Amino acid sequence: MMNSTTNKPLCPCCFKAFSASILQDGNGNSSTTNGSFNFGSICGTCEPTKVERALATKAAATNTSSASVVVPPILWLLTPQEIEEATQTILTATKRNLDEIASTPLSDVTFENTISKLMCPPNYKTNPQIAACKFLQHCSPDAQIREAASNAGKLFAKSRVEGRMRSDVYERVVAFSKTEECQHGLGEYERHFVKASLQDFERAGLALSREDSVELQRLLEEDSKVCSAYGKNLGGDATKLFFAPEELKGCTEDFIQERLGKDVEGKCTISLKYPDIIPIGQTCEVAETRRLVSEAREGVNAYKNNLDLVAEGVQLRKKIATLLGYPSWAEYICTKRMSGSFQAVDEFLTNLQTKLEAAGKDDYETLLQLKRDQCKDMDIVFDGKLNAWDTGYYGNELLKSKGVDSEKIREYFPLDHVVSTTMEIYQELLGLTFTELLQGTYWSWHKEVRCFHVKDTASDNSIGHFYLDLHPRDGKYGHAAIFHLVKHNSTHGAVDCMLCNLPASTEGKPSLLRHQNVVTFFHEFGHIMHGLCSEGIGNSTRLAKCPRDFVEAPSQMLENWCWQKSILERLSKHYETGEKLPCAMLNDMIQAKHVNVAFGSLRQIYLSRLDLEIHGPRPPKTAEELQSLVDKLRPAITLVENPPGNNMLRTFGHLMNQYSASYYGYMWAEVLSADMFATRFEKEGVMNPKVGMDYRKMVLAPGGTHNITDHLTKFLGRPPSNEAFLKSRGILK
């Protein structure tokens, strides 16, 4: 990203590419001689100029229904100062919008002067400039831009809290809910929006005294700051470990050579990014190396003061819940989820754990025997247990014993082929058409970013856009996630962005994905489709999104495609020969799908329990108490001891954002996803376009309107059941 203080000329390659994009006519044809330029050739160091600014603000001129391919409706900001100024403009407009509602006499409230102003307020994601102000905190190469965007996010969060505390606005919504227009003159979405708005105001504590209301606002703002600081520690981490090649024995030669001598002669540089730590955790034969990497991520020196921030955050959330009349933050959260209550979640996890424990212990003993045998073969002392840094390695060894060689399988999944084929599958299944924008015809925060325009195939109507930003770099969000940049409203479609940390291509060799990376990409792309296919336009309530404990179900269901023979044949293509995954390898992989699955499920239950415990009636008050909880809970559920001083809460970002007290949703959603797949797609065809459209219209499109169980019942033809899930785990035959 560029420096904000001066405007130096662009280098020749940048000027050429940017100029080509700006000189294109309305039909996407370039007025230059060769049509388009490779955006990948841009150096990425040039500072803002009039040329780049024209590209960043291109949305204003081209985002119309008459354009054949339009750019996303975001007017991107190029300097910290611009972000700060735009943020203040939005905050001012937000207050003015609420003041206008509050000034309306109670007897004169209408949908137009009250509710419509709340459906798309300036400080929510129906306003594309929210993304321009705050999104780049997760991915900009410029630390100053990231800082400015992070500050913008905090201010918007504070603004939303203040908006939910406006009793004068709440009174107008209550008054409107009693009018004839509301009761008989609104459509389905609008009626739901009014109901959900009232619930959100009431959950925000408008029944509190003025003193308690002020305290609630302070607590919410403090929690937002704590979560932001935690995320900043994760995103800004630049830890480097150095290992000699022999300390990485078992890792591929390519893996070692790509990292050898980057910083220290004769040593391999290892970061804490996924492309580094996953291969080590799964394939490195040297236990001490695996231990050191594990400790770097979870040990006492990992991620600065994140454990203290977790302790502070859970205490703040408990105080918030108490003020609002709930016994715990977990109860407060669960009451607005699909589960309905903490008790329902507690029973769900307890029942699952009981059913999985016996199979989980068998899985543990199988892995332990593998370790015992390998230690004997390698003449290494066997310590009699599985350590935290052993589980991934011996899990991979177990797969290899079943004929599944993860490193060999990688050769059949080059990234470019997986990405393009995944998009082909989704287009066929959901009745959509994707068109990639030429690089250099849109602004982006990094030269590797790709952008796509999405249309409904049958009607040719524009639905929205998505960005793909797939490779790790300093300062970028360190996991895999979808960011919903812009929500639908009456003037534009949705815009989503996938941030991943998949391995990048190297000179002479393309990026090759492990099968689990393929599954991750397929899963995350499902979230993009959920965001784009949701048809609700409301923003500040659950109108345009589903409950948090259902949100993973659609993507988890779509993971099943990555285990179907016909789909794997399409997704695979050897990076040298072009051959599909051989039948023998494919069949071995499919047959091994549920190997070790009970042991893995117990880990998910542990993470869910940990989340609920720290957000329970008596949350830990200090980092020391958090450590004691992890030391106790981890072995009790997963059967694996927690290494002294290690604590995965230092890097468990889910619990310091909107997933707090909601991580159980992954397991909850797995039950629903198994049912959807087995009942419709497995029976009627995984690429059946009718089933795909039913899924799009009955499950994705409704968002959070009404009860999600009703939507699932309509899609399934009966109420949801856990039978398919239990069969998939080998619990039911």
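Residues numbered from 1 in each chain as written. Predicted model: local features only at pLDDT ≥ 70, side-chain atom pairs only at ≥ 80, totals over all residues. Heavy atoms only, no water.

*Asks:* Which parts of the structure should I look at to understand the pairing of strand β7 (residues 494–499)?
*Replies:* Where a strand is regular, its side chains alternate between the two sheet faces. Burial analysis of β7 places six of its six residues in the buried class, which makes it a mostly covered element. As defined by bridge partners, strand β5 (residues 462–469) adjoins β7 across six bridges and the pair is classed as parallel. In the strand pairing of β7, D469 is matched with L499. Note: strand β6 (residues 481–486) against β7, five bridges, orientation antiparallel. Across the sheet, residue F483 finds its bridge partner in β7, namely C497. (Buried < 20%, exposed > 50% of the residue type's maximum accessible area, 1.4 Å probe, protein only. Helix = DSSP H or I, 4+ residues; strand = E, 2+ residues; numbered from the N terminus. Pairing = 2+ DSSP bridges.)

*Asks:* What is the right way to read the packing of aromatic side chains from this model?
*Replies:* The geometry of an aromatic ring pair comes down to the distance between the two centres and the angle between the two planes. Under the counting rule described, the total for this entry stands at 30 aromatic pairs. With centroids separated by 5.2 Å and ring planes inclined at 45°, the aromatic side chains of W329 and Y332 adopt a geometry described as tilted. In this pair, W329 and Y332 are both assigned in helix α16 (residues 329–334), three residues apart and thus about one turn of the helix distant. On the basis of relative accessibility, which here comes to 9%, the residue W329 falls in the buried class. When its relative accessible area of 11% is taken as the criterion, Y332 is described as buried. Members of the aromatic cluster, connected to one another through ring pairs, are W76, F135, W443, W445, Y467, Y477 and F483. One Lys or Arg, R160, reaches over the ring of Y124 and ends 5.6 Å from the middle of that ring. The ring of F255 carries R259 above its face, with NZ or CZ at 3.8 Å from the centroid. (Phe/Tyr/Trp six-rings, centres within 6.5 Å; stacked < 30°, edge-to-face > 60°. Lys NZ or Arg CZ within 6 Å of the ring centre and 35° of its normal.)

*Asks:* So what exactly am I meant to see when it comes to the sheet that holds β6 here?
*Replies:* Whether parallel or antiparallel, the strands of a sheet pair through hydrogen bonds between backbone atoms. One open sheet holds the five strands; their spatial order is β3-β4-β5-β7-β6, and the pairing between them is mixed. Looking along the sheet, the strands with just one partner apiece sit at the ends: β3 (432–436) and β6. Within the sheet, the average angular offset between the axes of one strand and its neighbour, ignoring direction, is 25°. Relative to β5, strand β4 (residues 450–456) runs antiparallel, the two being bridged by six bridges. Opposite V454, over in β5, you have G464 as the bridge partner. Packed on one face of the sheet, helix α20 (residues 415–430) meets β3, β4 and β5 and runs near 145° to β3. Across the sheet, helix α21 (residues 515–533) lies against β3, β4, β5, β6 and β7, angled at about 165° from β7, the strand it touches most. (Axes fitted to C-alpha atoms, helices over the stretch in contact; angles between N-to-C directions. Contact = heavy atoms within 4.5 Å.)

*Asks:* How should I be thinking about the pattern of salt bridges in this particular structure?
*Replies:* Oppositely charged side chains are able to pair whenever their charged atoms sit close together. Within this structure, the stated rule accounts for 39 salt bridges. One salt bridge connects R166 with D168, and the closest N-O pair in it is separated by 2.9 Å. Residue classification places R166 among the buried positions, given a relative accessible area of 18%. We note a salt bridge from E723 to K727, for which the minimum N-O separation is 3.0 Å. With E723 and K727 both in helix α30 (residues 723–728) and four residues apart, this pair spans about one turn of that helix. What emerges from the salt-bridge pattern is a single network uniting K95, D99, R166 and D168. (Salt bridge = Lys/Arg side-chain N within 4 Å of Asp/Glu carboxyl O.)

*Asks:* What is the right way to look at the environment of F483 in this model?
*Replies:* Checked against the element boundaries, F483 lands in strand β6. Each C-alpha atom of the pair F483 and H527 lies 9.2 Å from the other, and the pair is 44 residues apart in sequence. Here F483 is in contact with F135, H138, Y477, V495, D496, C497 and L499, once residues within four sequence places are set aside.

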